[in-house]
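Chain and residue survey
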Amino acid sequence: MAKRKKEIIDNSNPLADNVHIQGAGTVKEEHIVDTLTSNFMPYAMSVILSRAIPEIDGFKPSHRKLLYTMYNMGLLQGGTVKSANIVGRTMQLNPHGDASIYETMIRLSRGNESLLYPYVESKGNFGKAYSKNMMYAASRYTEAKLAPISKELFEDINKNTVDFVDNYDNTMKEPTLLPVTFPSILANVTTGIAAGMASSIASFNLGELCDTTIALIKNPEHEISETLLAPDFIGGGYVIYDREEFEKIYSTGRGSVKVRAKYSYDKAYNCIDITEIPPTTTSEAIIDKIVELVKNNKVRELSDLRDETDLKGLRITLDLKRGTDPDKLMAKLFKMTPLEDTFSCNFNVLIKGTPKVLGVADILKEWIDFRIECVRRRTQFTLDKKAERLHLLQGLEKILLDIDKAIKIIRETETETEVVPNLMIGFGIDRLQAEYVAEIKLRHLNREYILKRTKDIEDLIKEIAELEGILASKNKIKKIIINELQEVSKKYSGQRKSQILYEVSEYNESEAVEVPDYPVTLFITKEGYLNKIRTANLRMSGEQKVKEGDEVVRTFECSNKDELLAFTDKAQVYKAKIDDFPDGKASQLGSFVASKLDMEPDEKTIFVCIIREYKGYMIFAFENGKVAKVDISAYQTKTNRKKLLKAYSLKSPLSAVEYIEEDTELVLCSTSGRMLILNTGSLASKSTKDTIGVSVMTQKKNHKLESMHFYEEGEFDKAWRFRTKNLPAAGALPGPADNTAQITF
């Protein structure tokens, strides 16, 4: 094997810099602030200015590049073309990959239903914004073209209305802004997250928006809320009217809009159809939340839930149980699910390269200034073109006054290059006019042509005077903008999608359905199953069914309104209402408690008790001989919390647990064989759940307290031997006459 030759790079050799980075590997100390300034700040500015924050025309750069490409492809007229072709062409302006470009097109399309006024007409599967599962097809399958409203984005773009810059490789030009004829910045929802800032702009009805803009042009002090009623969203639903919050949004650009789903009740099928939802959620999120509420028995009025969304549109169907009030149920669901959600407003817009959070009035005023400049530049461009045309025709007019002289000059000129200079000298015209005259065809040297050109001069003089008048008067420019806004409103506004809800019915938990009260019997098995059977039906039931190898270990007779507390080996207690468990039959296994209460996978139940009123105490006996007496009210919560931590102390292993409604006598048993009768009244109760308790039964070396049970009269022949006046105590050994049968934990 040939040996590799070790190369030594001489950094002093200037040719080495062509292969190696100069200074690579050198450790350089630099202040963190300087590093952030030199490295992070340029990136942050790039994201803010070139990615995430929309500009006054309502678009981010990615939107603008895509739409301008489609405009150049002639997609304002004619049929649709494959989306893949559009994406490929757009990469000439946006080199960030075809996937991101296609996703941009998806959001701008009518089929996706993301925008109130979509700019792209779609053909094929473009997915749905209201469903995360309804994904769009690949770009090779779908087709698109520009929507009619997109004409308003490019009106007079070729008349110097906006600036153009080079694209990323300097091979073509692209506009820095689009000369939109309406305030598109507020016509569609726009969201973006930049570095250190974000933007979230709500959409408004185009008719209201144009009316408000016109009113502001006429009167800068116009009250916005008089013409701009509320935001409007493509998904429809109800916008809950909050004048104070809307005024805040209109003035500061920050605030929130509550949007509520729209539903209808079908009496024939006893079901609710939800057809419009807030723009901030999806049908899957709503369904998942309702399913969760049903599982947790917080919603009991439903018998079935289906997603019936199809090509006709969104529809979530809720089948109701008999006797359910649909309006009360929906009021409950509005409070507990995303069927009522909040759209957070943060009107952050790039104004001349600077991000600013502005209210609606300020944004519209900025747009008016922008549009005034567009109209001024368009008028100036048109004026320059007409002035140039007039200049040429005025030269032609001089020639046509003595056409024979012009022909003579041309015929007597020896070389072609001298024709223009000779015409300039002969008629006193400049080079442009002479060039124009020299290019006239012989067929145009007739009376009709001369009269038409003379008339054109008169018309041009009038038009130029009119254009100069517009440029000299800001009011005339504003009048033009008003006329354009009125035309846009007439063509594209339409009715509101989101209706305004002025009066709202809120869900009141105190008016919730009363839990039915009837006696039940609970059967709890060794494997952790709980079966609830109505006591009235118990006589008709057979033997309680259990799994093979399982057995019933506890039976409770209680009310359906009582609560269940399940203590686990991880010092946690899980709470549930007996009503949370369905009524069963003896032939059923019942509910698996650990699953019903969402216990951890390796968690085991060690004690279960039933609470009617939070009165009494929990008694915890520990192996070290200590006993804790905790007031049961320590486990009571004002909210419907299902899980409480630190249910008891873990300082010493737990031997036994009992729930007592009032003080009583308990028998403590040690592995040494000794027993002690404890009157719980001698212990002070604690409100701290994980108290370590007090020493009650002293233990000899290598022995521990192993069990505890309720004392039964006659259990001991001489009970006084097992009682003591002072604690702790060792207890006594039972004699032959004592009944030592113990109820062990």
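A short tour of the structure in this document, coming up. From a predicted model like this one, the values you see are computed outputs, not experimental measurements.

1. Re the sheet that holds strand 12 (residues 302–307)
If you trace the 4 strands from one edge of the open sheet to the other, you get 10-11-13-12, paired in antiparallel fashion. The two strands at the open ends of the sheet, each matched to only one other strand, are strand 10 (262–266) and strand 12. Going from strand to strand, the sheet's axes swing by 20° on average, the running direction of each strand aside. Where strand 12 and strand 13 (residues 316–320) come together, 5 bridges link them in antiparallel fashion. The residue of strand 13 that forms the bridge with L305 is L318.

2. Let's talk about the pattern of salt bridges
Under the counting rule described, the total for this entry stands at 39 salt bridges. Taking the shortest distance from any N to any O, the salt bridge between D156 and K159 comes out at 3.5 Å. Across the pair D663 and K629 runs a salt bridge whose closest N-O atoms are separated by 2.8 Å. Taken together, the positions of D663 in the loop between strand 28 (654–660) and strand 29 (665–670) and K629 in strand 26 (residues 626–631) put the pair 34 residues apart, joining distant regions of the chain. Classification of D663 as partly exposed rests on a relative accessible area of 38%.

3. Concerning the side chain of N205
Looking at where N205 falls in the secondary structure, it is placed in the loop between strand 7 (198–201) and helix 6 (206–218). Residue N205 is classed as buried on the basis of its relative accessible area, which comes to 4%. From its side chain, N205 meets the backbone nitrogen of G207 in a polar contact 2.9 Å long. Within the structure, the side chain of N205 is placed 3.4 Å from the backbone oxygen of G494, a separation counted as a polar contact. Other than its neighbours up to four places away in sequence, N205 contacts L116, Y117, D232, S493, G494, Q495 and R496.

4. Some points on the sheet that holds strand 29
The sheet built from 3 strands is open, its strands ordered 30-29-32 with antiparallel pairing. A single partner strand is all that each edge strand has here, and the edge strands are strand 30 (675–679) and strand 32 (705–710). Going across the sheet, the axis of each strand differs from the next one's by a mean of 25°, ignoring polarity. Sheet topology note: the strand 29/strand 30 ladder contains 5 bridges and is antiparallel.

5. A few points about empty space enclosed by the protein
Considering all chains together, one arrives at 1 cavity of 30 Å³ or more under this definition. Estimates place the volume of the largest cavity at around 70 Å³. Lining the largest cavity are G58, F59, H63, R107, L108, L115, Y119, S184, N188, V189 and T190. A per-class count over the lining of the largest cavity returns 5 nonpolar, 5 polar and 1 charged.

6. Structural notes on the packing of aromatic side chains
Throughout the structure, instances matching the rule amount to 18 aromatic pairs. When the ring of F567 is compared with that of Y635, the centres are 5.5 Å apart and the planes differ by 85°; the resulting orientation is edge-to-face. Of this pair, F567 sits in strand 21 (residues 563–568) while Y635 is found in the loop between strand 26 and strand 27 (643–644), placing the two residues 68 residues apart along the sequence. The buried category is assigned to F567, whose relative accessible area is 0%.

7. As for the state of the cysteines
Taken as a whole, this structure holds 0 disulfides when the rule is applied. Not part of a disulfide, C558 finds its nearest cysteine sulfur in C609, a span of 11 Å. Judged by its relative accessible area of 2%, C609 is buried.

8. Observations regarding the packing of helix 3 (residues 83–90) against helix 4 (residues 98–108)
Contact pair helix 3 / helix 4: the axes reach a minimum separation of 9 Å and the direction vectors enclose 120°. Classified by the angle their axes make, helix 3 and helix 4 are oblique. Judged by the twist between their axes, the crossing of helix 3 over helix 4 is right-handed. Judged by residue contacts, S83, I86, V87 and T90 of helix 3 engage D98, I101, Y102 and M105 from helix 4. When the residues that make up the contact of helix 3 with helix 4 are grouped by side-chain class, the tally is 5 nonpolar, 2 polar and 1 charged.

9. Some points on the pairing of strand 3 (residues 143–146)
The side-chain alternation of strand 3 yields two buried faces, one formed by E143 and K145 and the other by A144 and L146. Summarising the sheet, strand 1 (residues 81–82) and strand 3 pair through 2 bridges and their orientation is antiparallel. Bridged to V81 within strand 3 is A144.

10. What about a nonpolar patch on the surface?
A surface patch of nonpolar side chains, amounting to about 680 Å² of accessible area, comprises I32, V33, L36, F40, M41, Y43 and M45. You can call L36 partly exposed: its relative accessible area is 44%.

11. Examining helix 9 (residues 326–336)
Where helix 9 is concerned, the buried positions are P326, L329, M330, A331, K332, L333 and F334. The N-cap residue of helix 9 is D325: its side-chain oxygen and the backbone nitrogen of D327 are 3.0 Å apart.

12. Observations regarding the environment of Y136
Mapping Y136 onto the fold places it in the loop between strand 2 (120–123) and strand 3. A residue is classified by how much of its surface remains accessible, and Y136, at 28% relative accessible area, is partly exposed. In sequence terms Y136 and K462 are 326 residues apart; their C-alpha atoms lie 55 Å from each other. Leaving out residues up to four positions away in the same chain, Y136 has contacts with Y102, E103, I106, N125, F126 and G127. At a separation of 3.4 Å, a polar atom in the side chain of Y136 contacts the side chain of E103.

13. Notes on the environment of L358
Structurally, the position occupied by L358 is in the loop between strand 16 (354–357) and helix 10 (360–401). For L358, a relative accessible area of 13% translates into the label buried. Sequence spacing of L358 and I692 is 334 residues, and the spatial spacing of their C-alpha atoms is 59 Å. For L358, the contacting residues outside a window of four places in its chain are T252, G253, F347, I351, I363 and E366.

Cut-off values and rules
- Numbers given to residues run from 1 along each chain, matching the order in which its sequence is written.
- Whole-chain, interface and lining totals are the exception, using all residues; otherwise, since this is a predicted model, local features are given only for residues with pLDDT of at least 70 and side-chain atom pairs are given and counted only at 80 or more.
- To get the side-chain values, take all heavy atoms of the structure and skip hydrogens and water.
- A pair of strands is labelled paired if DSSP reports no fewer than 2 bridges between them.
- Put simply, DSSP H or I for four residues or longer makes a helix, DSSP E for two residues or longer makes a strand, and each gets a number counted from the N terminus.
- Angles run from 0 to 180 degrees between N-to-C directions of axes, and those axes are lines fitted to C-alpha atoms, restricted for helices to the stretch in contact.
- What counts as a salt bridge is simple: a side-chain nitrogen of Lys or Arg found within 4 Å of a carboxyl oxygen of Asp or Glu.
- With a 1.4 Å probe rolled over the protein chains alone, any residue whose accessible area is under 20% of its type maximum counts as buried; one over 50% counts as exposed, and the rest are partly exposed.
- Any pair of N or O atoms that falls within 3.5 Å is considered a polar contact. Within protein, one atom must be able to donate a hydrogen and the other to accept it, and sequence-neighbouring residues count only if both atoms are side-chain atoms.
- Between two residues, a contact is recorded if the distance between any of their heavy atoms is within 4.5 Å.
- In this analysis, the protein atoms alone were mapped onto a 1 Å grid. Cavities are point sets where a 1.4 Å probe fits without being able to get out; pockets are open sets with protein on both sides within 12 Å along at least five of seven lines; lining residues have an atom within 4 Å of a point.
- Grid points are joined across faces, edges and corners, and a volume is the space filled by probe spheres set on the points.
- Three classes are used: nonpolar for Ala, Val, Leu, Ile, Met, Phe, Trp, Tyr, Cys and Pro, charged for Asp, Glu, Lys and Arg, and polar for all others, with Gly counted as polar.
- Stacked, tilted and edge-to-face pairs are distinguished by plane angle, under 30 degrees for stacked and over 60 for edge-to-face with tilted covering the rest, among Phe, Tyr and Trp rings (Trp via its six-membered ring) whose centres lie within 6.5 Å.
- In what follows, a disulfide is any cysteine sulfur pair within 2.5 Å.
- If an angle is under 35 degrees, it is roughly parallel; if it is over 145, roughly antiparallel; if it lies from 65 to 115, roughly perpendicular; otherwise it is oblique.
- Each helix crossing is assigned a hand: it is left-handed if the near helix lies turned anticlockwise from the far helix by less than a right angle, otherwise right-handed if that turn is clockwise.
- Patch membership is restricted to residues that have no salt bridge and whose relative accessible area is over 30%. Joining uses 9 Å for like charges and 5 Å for the nonpolar side chains Val, Leu, Ile, Met, Phe, Trp and Tyr.
- Accessible areas in this description were obtained via Shrake-Rupley with a 1.4 Å probe; residue shielding takes into account the shown protein chains only.

Function-wise, these values are silent; they only describe arrangement.
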